[in-house]
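The residues making up each chain are set out below.
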Amino acid sequence: AGIAELIRMPGLKGNLTAIFTDPNNDKVTEEAMLRGGVVHAGTRSQLAIVRSAISHTGVLVNTDLEGGVLLLGELATATLMDSTVEHAIVEGGGKVHGGCFYSLGSLVLTNTSVASCVARSFSQPEVASGGALFIAGGVLLMSDGTMLNANTAFSGSTLVVQAGTASYILPTPVGHWAE
């Protein structure tokens, strides 16, 4: 299994180095630094982030980018529970997707707040999408009061589902689950 089958990060803050998780390769690679600002969970990886705060992180380079906090590979599973993710940014010179999360796998957000995340392309603004989440495949499941607030991108400031499915399990607290 990869180096981060289960990660618990209580109080995690600041500019972070990417963690690349891949069952076939336990090394941090340069590619991981360009994709997934905190965690790059490769194919078939499993990741859980519980009771954590992740803030002020991201990826900024002159290339195509994906996932300011997490890039989730095919057949990989990530669960965020009772956590807060805020002020993440993915900014680059080409196509830019997922200010916080870019997912090809199974992403579960339970009682998690995703706020003030940004996907931005400084050379081609129209190719930036999914301020909070970009679902390129697989499944997104949100529940138990998960909130998506004040996220920014040219297209889909909160959520883009390019492929796969996105669901919110009710009941949810009174009010809006996204702003």
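Check the entry above for the structure.
These notes cover the structure that comes with them.

The rules behind these values
- Position numbers for residues count from 1 along each chain, tracking the sequence in the order it is written.
- Restriction of local features to residues with pLDDT of at least 70 applies here, the model being predicted, together with a cutoff of 80 or more for giving and counting side-chain atom pairs; totals for whole chains, interfaces and linings are based on all residues.
- The side-chain quantities take in all heavy atoms of the structure and omit both hydrogens and water.
- Labels follow the DSSP assignment, with helices taken as runs of H or I lasting at least four residues and strands as runs of E lasting at least two, numbered in each case from the N terminus.
- Each residue is placed in one exposure class: buried if its accessible area under a 1.4 Å probe, protein chains only, is under 20% of its type's maximum, exposed if it is over 50%, and partly exposed if it falls in between.
- Note on contacts: a residue pair qualifies if any of its non-hydrogen atoms lie within 4.5 Å across the two residues.
- In this description, accessible areas are obtained by the Shrake-Rupley approach with a 1.4 Å probe, and a residue is regarded as covered only by the protein chains that are shown.
- Pairing between strands requires that DSSP locate at least two bridges from one strand to the other.
- Only the stretch in contact is used when a helix axis is fitted, and all axes are lines through C-alpha atoms; the angle between N-to-C directions ranges over 0 to 180 degrees.
- Nine residue types can take part in a nonpolar core, namely buried Ala, Val, Leu, Ile, Met, Phe, Trp, Tyr and Cys, and a core is a set of them joined through side-chain atoms within 4.5 Å.
- Note on ring pairs: Phe, Tyr and Trp rings are taken, using the six-membered ring of Trp, and paired if centres are within 6.5 Å. Classes follow the plane angle, with under 30 degrees stacked, over 60 edge-to-face and the rest tilted.
- In the sections that follow, a salt bridge refers to a side-chain nitrogen of Lys or Arg positioned within 4 Å of a carboxyl oxygen of Asp or Glu.

## A short note on the overall build of the protein
- Helices and strands together make up the secondary structure of the protein, namely one helix and 19 strands.
- By the burial criterion, 51% of the 179 residues in the protein qualify as buried.
- Across the protein, every contact between residues at least 6 apart in sequence was considered, and the portion connecting residues at least 24 apart equals 76%.
- When the accessible surface of the protein is summed, it comes to about 8,000 Å², and 53% of that surface belongs to carbon and sulfur atoms.

## Regarding the sheet that holds strand β11 (residues 106-110)
- The strand order across the open sheet built from five strands is β3-β7-β11-β16-β19, with neighbouring strands paired in parallel fashion. The strands lining the two open edges of the sheet, one partner per strand, are β3 (46-50) and β19 (165-168). With direction set aside, neighbouring strand axes in the sheet form an average angle of 5°.
- Inspection of the sheet shows strand β7 (residues 77-81) paired to β11 by five bridges, in the parallel sense.

## Thoughts on the nonpolar core
- By size, the foremost hydrophobic cluster in this structure holds 27 residues, and its most contacted members are Val 69, Leu 70, Phe 101, Leu 107, Leu 109, Val 114 and Leu 133.
- Every element with two or more residues in this core is listed here: β2 (39-41), β3, β6 (70-72), β7, β8 (84-92), β11, β15 (133-135) and β16 (139-143).
- Here Phe 101 is in contact with Gly 67, Val 69, Leu 70, Leu 80, Val 85, Leu 107, Val 114, Ala 132, Leu 133 and Phe 134, once residues within four sequence places are set aside.
- Counting six residues, the second largest nonpolar core, distinct from the first, contains Val 59, Val 90, Val 96 and Ala 119.

## Details of the environment of Gly 98
- By the element assignment, Gly 98 lies in the loop between β9 (96-97) and β10 (101-103).
- Placed 27 residues apart in sequence, Gly 98 and Leu 71 show a C-alpha to C-alpha distance of 8.7 Å.

## Remarks on the packing of aromatic side chains
- Inspection of the entire model under this criterion finds one aromatic pair.
- Where Tyr 102 meets Phe 134, the ring centres are 5.3 Å apart and the plane angle is 0°; that geometry is what we call stacked. Taken together, the residues Tyr 102 in strand β10 and Phe 134 in strand β15 connect sequence positions 32 residues apart. An identical accessibility class is assigned to Tyr 102 and Phe 134; each is buried.

## Focus on unusual backbone geometry
- Positive phi, close to 55°, is recorded for Ser 116, a residue that is not glycine.
- Within the secondary structure, Ser 116 is located in the loop between β12 (113-115) and β13 (118-121).
- In this structure, Ala 150 takes a positive phi of about 55° despite not being glycine.
- As for its position among the elements, Ala 150 is in the loop between β17 (147-149) and β18 (159-161).
- Take Ala 150: its relative accessible area is 47%, and that puts it in the partly exposed class.

## Observations concerning the environment of Thr 77
- As for its placement among the helices and strands, Thr 77 is situated in strand β7.
- What Thr 77 contacts, discounting residues up to four positions off in sequence, is Ser 45, Gln 46, Leu 47, Leu 72 and Ser 106.

## Description of the pattern of salt bridges
- A full pass over the atoms with the stated rule returns one salt bridge.
- Glu 91 serves as the salt-bridge partner of Arg 120, at 3.1 Å between the closest nitrogen and oxygen. A residue pair is termed long-range when its members are at least 10 positions apart, and Arg 120 in strand β13 and Glu 91 in strand β8 qualify at 29 residues.
- For Arg 120, a relative accessible area of 39% puts it in the partly exposed group.

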